[in-house]
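Examining the three-dimensional arrangement
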Amino acid sequence: SELAPEMPVPEGALWLDLMEPTAAEVAAVENALDLDVPTPDEMKEIEASSRLRVEEGAIMMTAMVLAQSETERPVCSAVTFMLARNKLVTLRYADPLPFRVFAARVPQRPGIFAKGDDVLLGLLDAIIDRTADILERIGDEVNNLSSQVFGHGAEEPTDGTRDLKELLRRVGHQGDLISKGRESLVSIGRMLSFLAQRMGAALPKELRGHVETLTHDAASLSDHATFLSNKVNFLLEATLGLINVEQNNI
């Protein structure tokens, strides 16, 4: 339901998820937590000082999160994470799958999340896990495309013809998806590093370990995305070369 500026935020709430919020909802959160919620334009600022900062005790972090990965038009959308008064506020204008998955998972694990910090790390864990699944799927698709490009896969046409333009489109789509996934992982890695520096000893030991694990996972997946990107670039060049050969034959 829509919050009014005079309506108090529930005291026991740990996570306030603002998806395409109204002005009244933004005002209610700002009044309750003494926050300055960024505008959509401010969320798109690329300077590190704009994306990662501390304002009057509140930690403000903006990262790019991959959304619509199952469609032909994947996007990397800015999401702002705000930690204030032991609560997490997320501000977003897209609906990445990890947010829905995590929201459904929380009621099944009562007592696990005691503060906004716990919720933040759980949410970032879900985002990184989802990105890992996407990269795994891309890896399978790239291997399949490689077989088709070089003519040694099970899907090779028996009549010797191949739709190289369609292959080129599919390879390009995977390259675009990889690029957006890597952009998301890099921004999340920077956000985790900033969080560790700013909170440091204030984080319980188990949460510090969780931050280190997530940072390592994001870096490893970013390296894997770079590997897949190089493989896709090779396939693009090979497909373009085959198209050139066929045009010369014609």
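This text follows the structure it describes.
Structural notes, computed from the coordinates.

Focus on empty space enclosed by the protein
If a probe as big as a water molecule is rolled over the atoms, it shows which places are left empty. Tallied over the entire structure, the rule returns 1 cavity of 30 Å³ or more. Considered as a void within the structure, the largest cavity measures approximately 30 Å³ in volume. Lining the largest cavity are V65, L66, P98, I127, R130, T131 and I134. Elements supplying a minimum of two residues to the lining of the largest cavity: β3 (58–67) and α5 (116–149). Looking at the lining of the largest cavity, the element that brings in the most residues is α5, giving 4 residues. Across the lining of the largest cavity, the residue classes break down as 5 nonpolar, 1 polar and 1 charged.

What to know about the sheet that holds strand β4 (residues 75–84)
Strand order across the open sheet formed by 5 strands is β1-β5-β4-β3-β2, with mixed pairing between neighbours. One side of each edge strand has no neighbouring strand; the edge strands of this open sheet are β1 (15–19) and β2 (52–55). Strand after strand, the sheet turns through a mean of 20 degrees between neighbouring axes, direction not considered. Where helix α4 (residues 97–105) meets the sheet, its contacts fall on β1, β4 and β5 (87–92), and the angle it forms with β1 comes to roughly 145 degrees. Along the sheet face, helix α6 (residues 164–199) touches β2, β3 and β4 and points at about 165 degrees away from the line of β3.

Thoughts on the pattern of salt bridges
Across all of its chains, the model carries 11 salt bridges by this definition. Its salt-bridge partner being E55, residue R53 comes within 2.6 Å of it at the nearest N-O pair. Beyond isolated ion pairs, a larger network of salt bridges with shared partners links D17, R92, D95 and R100.

What to know about the packing of α6 against helix α7 (residues 205–249)
Put simply, α6 and α7 touch, their axes get as near as 8 Å, and they point 160 degrees apart. The orientation of α6 with respect to α7, classified from their angle, is roughly antiparallel. Every pair of crossing elements has a handedness; the one defined by α6 and α7 is left-handed. Looking at the contact of α6 with α7 residue by residue, the class counts come to 21 nonpolar, 8 polar and 2 charged.

A look at the environment of L66
Note that L66 resides in strand β3. Note: C-alpha distance between L66 and C76 (10 residues apart in sequence) is 4.5 Å. The contact partners of L66, leaving out residues within four places of it in the chain, are P74, V75, C76, P96, I134, L177, K180, G181 and S184.

Some thoughts on a negative patch on the surface
A contiguous patch of negative charge, built from D34, D36, D41, E42, E45, E47 and E56, is present on the exposed surface. Checked against the element boundaries, D36 lands in the loop between α1 (23–33) and α2 (40–43).

A few points about the packing of α5 against α7
Here α5 crosses α7 at 20 degrees, and the two axes come no closer than 10 Å. When the axis of α5 is compared with that of α7, the two are roughly parallel. The handedness of the crossing between α5 and α7 is left-handed. Taken together, the residues of the contact of α5 with α7 break down into 20 nonpolar, 6 polar and 5 charged.

Analysis parameters
In every chain, residue numbers begin from 1 and rise along the written sequence. In keeping with the model being predicted, local features are shown solely for residues with a pLDDT of at least 70 and side-chain atom pairs are shown and tallied solely at 80 or more, while totals for entire chains, interfaces and linings include all residues. Heavy atoms throughout the structure, all of them, feed into the side-chain values; hydrogens and water do not. The distinction between a cavity and a pocket rests on a 1 Å grid over the protein atoms alone: a 1.4 Å probe fits inside a cavity but cannot get out, while a pocket stays open yet meets protein on both sides within 12 Å along at least five of seven lines, and a residue with an atom within 4 Å of a point counts as lining. Grid points are joined across faces, edges and corners, and a volume is the space filled by probe spheres set on the points. Only DSSP runs of H or I covering at least 4 residues are called helices, and only runs of E covering at least 2 are called strands; the numbering of each starts at the N terminus. Classification convention: Asp, Glu, Lys, Arg as charged; Ala, Val, Leu, Ile, Met, Phe, Trp, Tyr, Cys, Pro as nonpolar; all other residues, Gly among them, as polar. Each pair of strands is called paired provided DSSP finds at least two bridges between the two strands. Interaxial angle, 0 to 180 degrees, is taken between N-to-C directions of lines fitted to C-alpha atoms, where a helix line uses only the stretch in contact. Should any heavy atoms of two residues lie within 4.5 Å, those residues are considered in contact. Salt bridges are identified by distance alone: a Lys or Arg side-chain nitrogen within 4 Å of an Asp or Glu carboxyl oxygen. Throughout this description, any angle smaller than 35 degrees is read as roughly parallel, any larger than 145 degrees as roughly antiparallel, any in the 65 to 115 degree range as roughly perpendicular, and the remainder as oblique. Handedness of a helix crossing follows the sense of rotation of the near helix relative to the far helix, less than a right angle counterclockwise being left-handed and clockwise being right-handed. Two joining distances apply to patches: 9 Å for like charges and 5 Å for nonpolar side chains (Val, Leu, Ile, Met, Phe, Trp, Tyr), and every residue must have over 30% relative accessible area and no salt bridge. For accessible areas, the Shrake-Rupley method is used with a probe of radius 1.4 Å. Any residue's cover is judged against the shown protein chains and nothing else. Note that His is not counted, nor are the chain ends; the positive residues are Lys and Arg, and the negative ones are Asp and Glu. Here the site of a charge means atom NZ of a Lys, CZ of an Arg, CG of an Asp or CD of a Glu.

Keep in mind these numbers describe shape, not what the thing actually does.
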